[in-house]
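So the chains spell out like this:
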Amino acid sequence: MTKNDAMTAALGHTQQIYRALSELSDLTQEMEAAAIGEDTVTLQLYLKLRADVLDRAWEHKRQLRGLCSNLPSEDGERLLDILSSQAEEITPEERPLLEQVQRNQALLTRIIAVDQRVSLRVGQEKSFYQRTAQ
């Protein structure tokens, strides 16, 4: 596989991750509404649905790691740098991938903020976020 082929494939995977994150965002917002309404049955349903969406996103992430490892080391490291937003001096061919990675990260940051609110509301002192803050 050439570097350009890998960039194209990586862009496709990052776009699929964005789709999964968008769905995850919607589910997380619905989960927050269920938590506010203290609807534990609906809350459990959304947790299960989120797990399914996360599995899809992780599969694309696994594919991205495979792309990096199947390229010659220099190209694989460059792709990994782009995927982790660590690359310097981005070329025009690399820009769409980097921009998609940045969109994914921004959406993930918003999801985590909502998830944290839900977790703290439902789990209170047992919340993952409460335990990690200590």
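Residues numbered from 1 in each chain as written. Predicted model: local features only at pLDDT ≥ 70, side-chain atom pairs only at ≥ 80, totals over all residues. Heavy atoms only, no water.

A. Layout of helix α3 (residues 73-83). Listed as buried for α3 are Gly76, Arg78, Leu79, Ile82 and Leu83. Within α3, the buried residues cover an arc of 160° as seen down the axis, which keeps them to one side. Away from its buried face by more than 90 degrees, α3 exposes Ser73, Glu74 and Glu77. The secondary structure elements touched by the buried residues of α3 are α1 (3-36), α2 (40-70) and α4 (95-123). Once α3 ends, the next one or two residues include serine 85, with phi positive near 60°. (Buried < 20%, exposed > 50% of the residue type's maximum accessible area, 1.4 Å probe, protein only. Helix = DSSP H or I, 4+ residues; strand = E, 2+ residues; numbered from the N terminus. Arc of directions from axis to C-beta. Contact = heavy atoms within 4.5 Å.)

B. Structural context of the layout of surface pockets. The computed volume of the largest pocket comes to approximately 650 Å³. Contributing to the lining of the largest pocket are 25 residues, with Ile17, Leu21, Trp58, Lys61 and Leu108 lying nearest its centre. Looking at the lining of the largest pocket element by element, the count peaks at eight residues for α2. The class makeup of the residues in the lining of the largest pocket is 16 nonpolar, five polar and four charged. (1 Å grid on protein atoms, 1.4 Å probe; cavity = no way out; pocket = protein on both sides within 12 Å on 5 of 7 lines; lining within 4 Å. Points joined across faces, edges and corners; volume = space filled by probe spheres on them. Nonpolar A, V, L, I, M, F, W, Y, C, P; charged D, E, K, R; others polar.)

C. Broad picture of a negative patch on the surface. A cluster of like negative charges, contributed by Glu74, Glu77, Asp81, Glu88 and Glu89, occupies part of the molecular surface. Summarising the element assignment, glutamate 89 is placed in the loop between α3 and α4. (Patch = residues over 30% accessible without salt bridge, like charges linked within 9 Å, V, L, I, M, F, W, Y side chains within 5 Å. Areas by Shrake-Rupley, 256 points an atom, 1.4 Å probe, with all protein chains shown as cover. Salt bridge = Lys/Arg side-chain N within 4 Å of Asp/Glu carboxyl O. Lys, Arg positive; Asp, Glu negative; His and termini not counted. Charge placed at Lys NZ, Arg CZ, Asp CG, Glu CD.)

D. Representation of the environment of aspartate 81. Secondary-structure assignment places aspartate 81 in helix α3. Remark: the alpha-carbon pair of aspartate 81 and leucine 21, spanning 60 residues in sequence, is separated by 21 Å. Other than its neighbours up to four places away in sequence, aspartate 81 contacts Gln86 and Ala87.

E. Structural detail: the pattern of salt bridges. Overall, the coordinates contain seven salt bridges when judged by the stated rule. Between aspartate 115 and arginine 50 there is a salt bridge, and its shortest N-O distance comes to 2.8 Å. Taken together, the residues span a long stretch of sequence, with aspartate 115 in helix α4 and arginine 50 in helix α2 at a distance of 65 residues. When salt bridges that share partners are traced, they join Lys3, Arg78 and Glu94 into one network.

F. Examining the packing of α2 against α3 more closely. Interhelical geometry of α2 versus α3 gives an angle of 150° and a closest axis separation of 7 Å. In terms of orientation, α2 and α3 fall into the roughly antiparallel class. As α2 packs across α3, the resulting crossing turns out to be left-handed. Packed against α2, whose contacting residues are Leu64, Leu67 and Cys68, the element α3 presents Gly76, Leu79, Leu80 and Leu83 at the interface. Residues belonging to the contact of α2 with α3 are distributed by class as follows: six nonpolar, one polar and no charged. (Axes fitted to C-alpha atoms, helices over the stretch in contact; angles between N-to-C directions. Parallel < 35°, antiparallel > 145°, perpendicular 65-115°, else oblique. Left-handed = near helix turned anticlockwise from the far one by under 90°.)

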